[in-house]
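Residue-level listing of the chains:
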Amino acid sequence: SDKKISLKEILTLGNSSDEAACKPKTHIVFLKVHKSASSTVMNILFRFGETRNLTFAFPFNGASQLFYPHFFAAEFVEGFVAGQASQFNILCHHMRFLPTEVQRVMPSTTFYFAILRNPVHLMESSFTYYKGTSAFFHAKSLEEFLQQPSRFYKAGDSDSQYAKNLMTFDFGFNHNGEASARHVQLMLQAIKTAFNLILISEYFDESMVLLKEALCWDLDSVVSFPLNSRDGSTRAPLPDFTVEKIKNWNKLDWEIYTHFNQTFWEKIDRDIGRKRMSQEVRALQKRREQLARTCLQEGESVAPQEIKDQSLLPLQYGQARILGYNLKPGLDKKTEQMCRRLITPELQYSRSLYSRQFPQKALKASSPFLLP
């Protein structure tokens, strides 16, 4: 009872061993799954990397994607040299995942994560955003497409993934593959083997808390404003029969989503607990509200035509109207810089970081607007 407690023991009391030993992770691969709040996650990674002077695995020549929809190859990365020890910290641009090639670029200690979205919401969003693709172009509505997909969908088209099992495709699997129990099991196992964490965009704040814990980052590193989101005018609630058709048409995506949605909540219950999670989410939301009051002129997102600074205008693509932000005028230099980072659209931010990392190439860089 009168045993002396050392100062070190006092200092570590109340600290879990994880927290005490925790060191921020700086080698990260993010599989940027299309239309799944992935632009917002990318902004978080861009900010973290920029403020800590980390090195990004940029697409060759400053393009916006890693030669998607081709399978990823190490040679797609600007500055990659075969046989040389990895000098890259963050790989996060659009790619079709191929683990053996990614491992050529990134060190073995790298943390891998991805984000998923409910395939029903994903397909509704894809139909608006990728309306110009082969499968969707002639369909008057999503309902018409789903009524008789064979009229519009050709499995061999080079852009067919936008219309069927897009997440499956981004993870590197055949989006036209069979949905047998064995095939699904192998696919899920491969994802579990390759990735340390799978997040769910419908629970974005909970996802950011999990990410913060896993990477040992602080709250400000994972706070964000939604980027690349569209206004409500192009959204409409889907009838139940349409929802069922989408699930059946995207059977592989549905299997991936339901499995990892379940493991997501199991992880929360096991590692954090619902009570602490709700406290963490409240803290994150409060910080986002504070930053919105500090940074944003209107305190929220605005329609594209209302964006005053053209360098902050997001790419308008397909039939979607992509929202953006106006910076509050009169901010001091440091605050302005922090706020600008939070609201800079993906393509502009990527181009600016590329110019910083490759100043000699920046002037000659090809257009970053290499989109499908």
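To be clear, the structure that these remarks concern was listed above.
To keep things clear, this report deals only with the structure shown in the data block.

Calculation criteria
- Residues numbered from 1 in each chain as written.
- Predicted model: local features only at pLDDT ≥ 70, side-chain atom pairs only at ≥ 80, totals over all residues.
- Heavy atoms only, no water.
- Helix = DSSP H or I, 4+ residues; strand = E, 2+ residues; numbered from the N terminus.
- Rg over C-alpha atoms; globule rule 2.2 N^0.38 Å.
- Contact = heavy atoms within 4.5 Å.
- Buried < 20%, exposed > 50% of the residue type's maximum accessible area, 1.4 Å probe, protein only.
- Pairing = 2+ DSSP bridges.
- Phe/Tyr/Trp six-rings, centres within 6.5 Å; stacked < 30°, edge-to-face > 60°.
- Expected span 1.5 Å × (residues − 1).
- Polar contact = N/O pair within 3.5 Å; in protein donor to acceptor, adjacent residues only side chain to side chain.

## Description of the overall build of the protein chain
Looking only at helices and strands, one finds 18 helices and four strands in the protein chain. Over its C-alpha atoms the protein chain spans a radius of gyration of 22 Å, differing by no more than 12% from the 21 Å that the globule rule assigns to 372 residues. Taken over the C-alpha atoms alone, the protein chain extends approximately 80 × 55 × 50 Å along its principal axes. Of all intrachain contacts in the protein chain linking residues separated by at least 6 positions in sequence, the fraction that spans at least 24 positions is 73%.

## Points about unusual backbone geometry
Here the amide bond leading from Tyr68 into Pro69 is cis, since omega sits at 10°, within 30 degrees of zero. Of note, Ala37 is a non-glycine position whose phi angle comes to about 65°, a positive value. Mapped onto the fold, Ala37 is located in the loop between β1 (28-31) and α3 (38-51). Positive phi values are uncommon outside glycine, yet Asn53 reaches one of about 60°. Residue position: Asn53 is located in the loop between α3 and β2 (90-91). The class of Asn53 is exposed, set by a relative accessible area of 63%.

## Quick look at the pairing of strand β3 (residues 111-116)
In the case of a regular strand, side chains alternate between the two sheet surfaces. Counting buried positions along β3 gives six out of six residues, so the element sits mostly inside the fold. Relative to β3, β1 runs parallel, the two sharing four bridges. Paired with Val29 across the strands is Tyr112, a residue of β3.

## Observations concerning the packing of aromatic side chains
Enumeration over the complete set of coordinates arrives at 28 aromatic pairs. Look at Phe46 and Phe56: their rings are 5.6 Å apart centre to centre, the planes differ by 80°, and that puts the pair in the edge-to-face class. Residue Phe46 is found in helix α3, and its partner Phe56 is found in the loop between α3 and β2; the two are separated by ten residues along the sequence. Exposure remark for Phe56: the relative accessible area of 2% places this residue in the buried category. Aromatic rings pair up to connect Phe46, Phe56, Phe58, Tyr349, Tyr354 and Phe358 into one cluster.

## Topic: helix α11 (residues 204-215)
The first and last C-alpha atoms of α11 sit 16 Å apart over twelve residues, in line with the 16 Å expected at 1.5 Å per residue. Here α11 lies mainly inside the structure; ten of its twelve residues are buried. Every buried residue belonging to α11 is among Phe204, Asp205, Glu206, Ser207, Met208, Val209, Leu210, Leu211, Lys212 and Leu215, and all of these are buried. One or two positions beyond α11, positive phi appears at Cys216, with a value near 60°.

## A look at the environment of Asn326
Counting through the fold element by element, Asn326 comes out in the loop between α15 (274-295) and α16 (333-343). For the pair Asn326 and Gln297, spaced 29 residues apart in sequence, the C-alpha to C-alpha distance is 5.6 Å. Polar side-chain contacts of Asn326 include one of 3.2 Å to the side chain of Glu298. Among the polar contacts listed, one links the side chain of Asn326 to the backbone oxygen of Glu306, at a separation of 3.0 Å.

## Points about the environment of Asp218
With respect to the secondary-structure elements, Asp218 resides in the loop between α11 and α12 (219-222). Here Asp218 falls in the partly exposed class, since its relative accessible area comes to 43%. C-alpha separation for the pair Asp218 and Glu244, spaced 26 residues apart in sequence, amounts to 40 Å. Polar side-chain contacts of Asp218 include one of 2.6 Å to the side chain of Ser221.

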